Amino acid sequence: MRLLLLTASAVLGLTALVTAQGHTTDLISVDSGGRLWRTSTTGAATSLALRPSPSHGAYMHYDNRRILFTQATLAPSIPGAILIYDPATQAVATLWSSPVVSPFDVIQNGDGDLVFTGETASGPGLYKIVSGAMTTIVTTVQLGVPVTRLNAGLSLNVRT
């Protein structure tokens, strides 16, 4: 009986290892020239979209197909924006923009809200877009952090 249990455990363990293999997939990135990139597992890079100002953050939309990315600028002629790229149509659409906000990194939380680090007239901070309206979550002034920018390192804990 003990040998049967050990054998069954070993078979189940091997099955779990086979089914739990990591996915090999393309990588998505942005650059300070305003370009959205797809890089294959072989290292071949393809430009997906080009925007007129720097991009600092990209995030997979909750539909697991489209890609969110930012346009970060405080130039008066180009608004800061959170954009979405659809690989099926190769179209870029603006989800939100502002002439006085420069979004850097972006994620989408479990409620579908856009959360981003960025810079406004009141300083750098963490912001949220709900139904097209921007709200402040926290600024670096409120945190007591002496930084002039909060422009990278945004992540989401999918379990909580």
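Everything below is about the structure shown above.
Owing to the predicted nature of the structure, the values given are computational and were not obtained by experimental measurement. (Residues numbered from 1 in each chain as written. Predicted model: local features only at pLDDT ≥ 70, side-chain atom pairs only at ≥ 80, totals over all residues. Heavy atoms only, no water.)

Q: Teacher, can you tell me more about the nonpolar core here?
A: Ranked by size, the top nonpolar core spans 10 residues in total: Leu68, Ile82, Ile84, Trp96, Val101, Val106, Leu114, Phe116, Tyr127 and Ile129. Going through the elements one at a time, strand E6 (80-86), strand E9 (114-120) and strand E10 (123-130) are the ones with two or more residues in this core. Every residue in contact with Val106, bar those within four places of it in the chain, is listed here: Gly57, Ala58, Tyr59, Leu68, Phe69, Thr70, Ile82, Val115, Phe116 and Leu154. Counting eight residues, the second largest nonpolar core, distinct from the first, contains Ala49, Ile67, Ala81 and Tyr85. (Core = buried A, V, L, I, M, F, W, Y, C linked by side-chain atoms within 4.5 Å. Buried < 20%, exposed > 50% of the residue type's maximum accessible area, 1.4 Å probe, protein only. Helix = DSSP H or I, 4+ residues; strand = E, 2+ residues; numbered from the N terminus. Contact = heavy atoms within 4.5 Å.)

Q: What is the right way to look at the environment of Ala91 in this model?
A: Examined against the element boundaries, Ala91 turns out to sit in strand E7 (residues 91-98). Taking the C-alpha atoms as reference, Ala91 lies 9.3 Å from Leu48; in sequence the two are 43 residues apart. In contact with Ala91, not counting residues within four places along its chain, are Ile84, Tyr85 and Asp86.

Q: Is there a simple way to think about the pairing of strand E5 (residues 67-71) in this case?
A: Along a regular strand, successive side chains alternate from one face of the sheet to the other. Counting buried residues along E5, five of its five residues qualify, which places the element largely inside the surrounding structure. Pairing between strand E4 (residues 58-60) and E5: three bridges, direction antiparallel. In the strand pairing of E5, Met60 is matched with Ile67. With five bridges joining them, E5 and E6 adopt antiparallel strand pairing. Looking at the pairing, Ile67 lines up with Tyr85 of E6. (Pairing = 2+ DSSP bridges.)

Q: Can you walk me through the sheet that holds E4 in this structure?
A: Whenever strands of a sheet pair, they do so through backbone hydrogen bonds, lying parallel or antiparallel. Across the sheet, which stays open at both edges, the four strands sit in the order E4-E5-E6-E7 with antiparallel pairing between neighbours. Whereas interior strands pair on both sides, the edge strands pair on one side only; in this sheet they are E4 and E7. Within the sheet, the average angular offset between the axes of one strand and its neighbour, ignoring direction, is 25 degrees. (Axes fitted to C-alpha atoms, helices over the stretch in contact; angles between N-to-C directions.)

Q: Would you take a moment to explain the packing of aromatic side chains for this structure?
A: Here a ring pair, both rings aromatic, is described through the centre-centre distance and the interplanar angle of the planes. On inspection of all chains with the given rule, the structure shows two aromatic pairs. With centroids separated by 5.6 Å and ring planes inclined at 35 degrees, the aromatic side chains of Phe116 and Tyr127 adopt a geometry described as tilted. Within this pair, whereas Phe116 is found in strand E9, its partner Tyr127 is found in strand E10, the two being separated by 11 residues in sequence. Given the relative accessible area of 0%, Phe116 is considered buried. Taken together, the ring pairs connect Trp96, Phe116 and Tyr127 into an aromatic cluster. (Phe/Tyr/Trp six-rings, centres within 6.5 Å; stacked < 30°, edge-to-face > 60°.)

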